[in-house]
Amino acid sequence: MIEQSLEDALYAIVTQNPMIFLDYDGTLVPIIMNPEESYADAGLLSLISDLKERFDTYIVTGRSPEEISRFLPLDINMICYHGACSKINGQIVYNNGSDRFLGVFDRIYEDTRSWVSDFPGLRIYRKNLAVLYHLGLMGADMKPKLRSRIEEIARIFGVETYYGKMIIELRVPGVNKGSAIRSVRGERPAIIAGDDATDEAAFEANDDALTIKVGEGETHAKFHVADYIEMRKILKFIEMLGVQKKQ
């Protein structure tokens, strides 16, 4: 059941043909221990396919374009690496000069990949514009030492450190989801949904949009839902409104 105030807001904004910006992990699919297995199920694939046929829809994520294309094999626009690059109409666009960091994260990965021997349970994922350290299988007593090492590497290479759910990520400095979404939408009406700290920047920079926080925690979003299951119900409702609008 969608709360009445959110339902009313959705009715109003759908008449304005909004753009839709959706985080992936934790918003469309659950957070899982093995992030390399976050494939969309058939229900989600069908839902996003229908949604993007009626609305200008983007996936907004910390993941790479390649990962999202593998997990969600649809022809859909994306804002990736927390805003460092976009994939629009099949073309990759680097934002705020982030392409100058393309080789940096290869060097960081090479310098740190041996840490898996020092920190049992640590998993390290190399991306073009990020290196992600997954701490989900590590013992709590080792995490402060790992955090210090990662922060030192960030200082050496001049990159940004992000702390998320079970992860620490080194990423391109000076970019965020909020400014990336704003640059794409301009002043167009928008619906924005996300679950993590990186999505708060999207909510703050787009306070004229209909914003939805998924999951627990303090938020700048106007509305809040419990989890990705509730978020999917909202997307089905939006899609239904879109169908009605075109009839």
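One numbering rule holds for all chains: residues counted from 1, following each sequence as written. Per-residue local features of the predicted model are confined to residues with pLDDT of at least 70, and side-chain atom pairs are confined, for both listing and counting, to 80 or more; whole-chain, interface and lining totals are unaffected and use all residues. Side-chain numbers come from the whole structure's heavy atoms, not from hydrogens or water.

> Can you walk me through the pattern of salt bridges in this structure?
Pairing is possible between side chains that carry opposite charge, provided their charged atoms lie close to one another. Any Lys or Arg side-chain nitrogen located within 4 Å of an Asp or Glu carboxyl oxygen qualifies as a salt bridge. Taken as a whole and assessed by the stated rule, the structure comprises 21 salt bridges. The salt bridge partner of E53 is K52, with a shortest N-O separation of 3.7 Å. In this structure, D118 engages R149 in a salt bridge whose closest nitrogen and oxygen atoms are separated by 3.0 Å. Here the residue D118 occupies a position in helix α5 (residues 115-118), and R149 occupies one in helix α6 (residues 143-157), the gap between them amounting to 31 residues. Only protein chains enter the calculation, and the probe is 1.4 Å; a residue is then buried if its accessible area is under 20% of its type maximum, exposed if over 50%, and partly exposed in between. Relative accessible area serves as the criterion here: at 26%, R149 is assigned to the partly exposed category. Salt bridges sharing common partners tie together D25, R63, E67, K127 and E169. Put simply, DSSP H or I for four residues or longer makes a helix, DSSP E for two residues or longer makes a strand, and each gets a number counted from the N terminus.

> Got a minute to help me understand the sheet that holds strand β6 (residues 123-127) in this structure?
Remark on secondary structure: sheet strands pair via backbone hydrogen bonds, oriented parallel or antiparallel. Each pair of strands is called paired provided DSSP finds at least two bridges between the two strands. Across the sheet, four strands lie side by side as β6-β7-β9-β8; this open sheet has antiparallel pairing. Edge strands, defined here as strands with exactly one partner in the open sheet, are β6 and β8 (160-163). This sheet shows a mean twist of 15° between the axes of neighbouring strands, independent of strand direction. Note: β8 against strand β9 (residues 167-171), four bridges, orientation antiparallel. Looking across to β9, one finds that T161 is bridged to L170. To obtain each axis, a line is fitted to C-alpha atoms, and for helices this fit is confined to the stretch in contact; angles are then taken between N-to-C directions over 0 to 180 degrees.

> It is not clear to me how the environment of A202 should be interpreted in this structure. Could you clarify?
Structurally, the position occupied by A202 is in helix α8 (residues 197-205). In the structure, A202 is positioned 52 residues away from I150 in sequence and 26 Å away in space, judged by C-alpha atoms. Residues contacting A202, with those up to four places away along its chain left out, are K177, G178, I181 and I192. Two residues qualify as a contact provided that any one of their heavy atoms is within 4.5 Å of a heavy atom in the partner residue.

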